[in-house]
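Summary of the model geometry
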Amino acid sequence: MSNRTFACLVCKKLQRKPRALDVFLCPVCKFECIRVHAKLHVPATRKLKKWNTFWAQYLTERSQLAEFHAGRGPAEICLPLLSQRWVRAKR
């Protein structure tokens, strides 16, 4: 089985763990890590500007997607970082 990247935004550590895990706690700070989409490349932690820009956009797109699936928000969303476009079916 393949691994997924989990990122701790508190201590800026990346971990590779089995993809079957839904929740992973950071071994350093014990906060919950975020599971990153399989096809994304997470910038290096030492490149602080790229790191912060990536996470701001990634978290925004994840929240937009969650709202879309919950039936709220616009009828169409475009997620450039995730390379996805979602259109709500008309009823």
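This write-up is about the structure you can find in this document. (Residues numbered from 1 in each chain as written. Predicted model: local features only at pLDDT ≥ 70, side-chain atom pairs only at ≥ 80, totals over all residues. Heavy atoms only, no water.)

As for the sheet that holds strand E2 (residues 13–18)
Across the sheet, which stays open at both edges, the three strands sit in the order E2-E1-E3 with antiparallel pairing between neighbours. The sheet is open, and its two borders are formed by E2 and strand E3 (34–35), each paired with just one other strand. Where strand E1 (residues 3–8) lies against E2, six bridges are found, and the strand directions are antiparallel. In the strand pairing of E2, Asn3 is matched with Pro18. (Pairing = 2+ DSSP bridges. Helix = DSSP H or I, 4+ residues; strand = E, 2+ residues; numbered from the N terminus.)

Details of the packing of aromatic side chains
Inspection of the entire model under this criterion finds six aromatic pairs. Where Phe68 meets Trp86, the ring centres are 6.0 Å apart and the plane angle is 55°; that geometry is what we call tilted. Taken together, the residues span a long stretch of sequence, with Phe68 in helix H1 (residues 48–69) and Trp86 in strand E5 (residues 84–87) at a distance of 18 residues. On the basis of relative accessibility, which here comes to 29%, the residue Trp86 falls in the partly exposed class. Put simply, the rings of Trp51, Phe54, Trp55 and Tyr58 pair up and form one aromatic cluster. (Phe/Tyr/Trp six-rings, centres within 6.5 Å; stacked < 30°, edge-to-face > 60°. Buried < 20%, exposed > 50% of the residue type's maximum accessible area, 1.4 Å probe, protein only.)

Thoughts on the environment of Val87
Relative to the elements of secondary structure, Val87 occurs in strand E5. When the C-alpha positions of Val87 and His69 are compared, they lie 11 Å apart, and in sequence the two are 18 residues distant. Those residues in contact with Val87 that sit more than four places away from it in its chain are Phe68, Ala75 and Glu76. (Contact = heavy atoms within 4.5 Å.)

Quick notes on the pattern of salt bridges
A full pass over the atoms with the stated rule returns two salt bridges. We note a salt bridge from Asp22 to Arg35, for which the minimum N-O separation is 3.6 Å. Highlighted residues: Asp22 in the loop between E2 and E3 and Arg35 in strand E3, separated in sequence by 13 residues. Since its relative accessible area comes to 60%, Asp22 is described here as exposed. Arg35 sits in the partly exposed class, given a relative accessible area of 30%. The residue Glu76 makes a salt bridge to Arg85 at a minimum N-O spacing of 2.7 Å. A relative accessible area of 56% places Arg85 in the exposed class. (Salt bridge = Lys/Arg side-chain N within 4 Å of Asp/Glu carboxyl O.)

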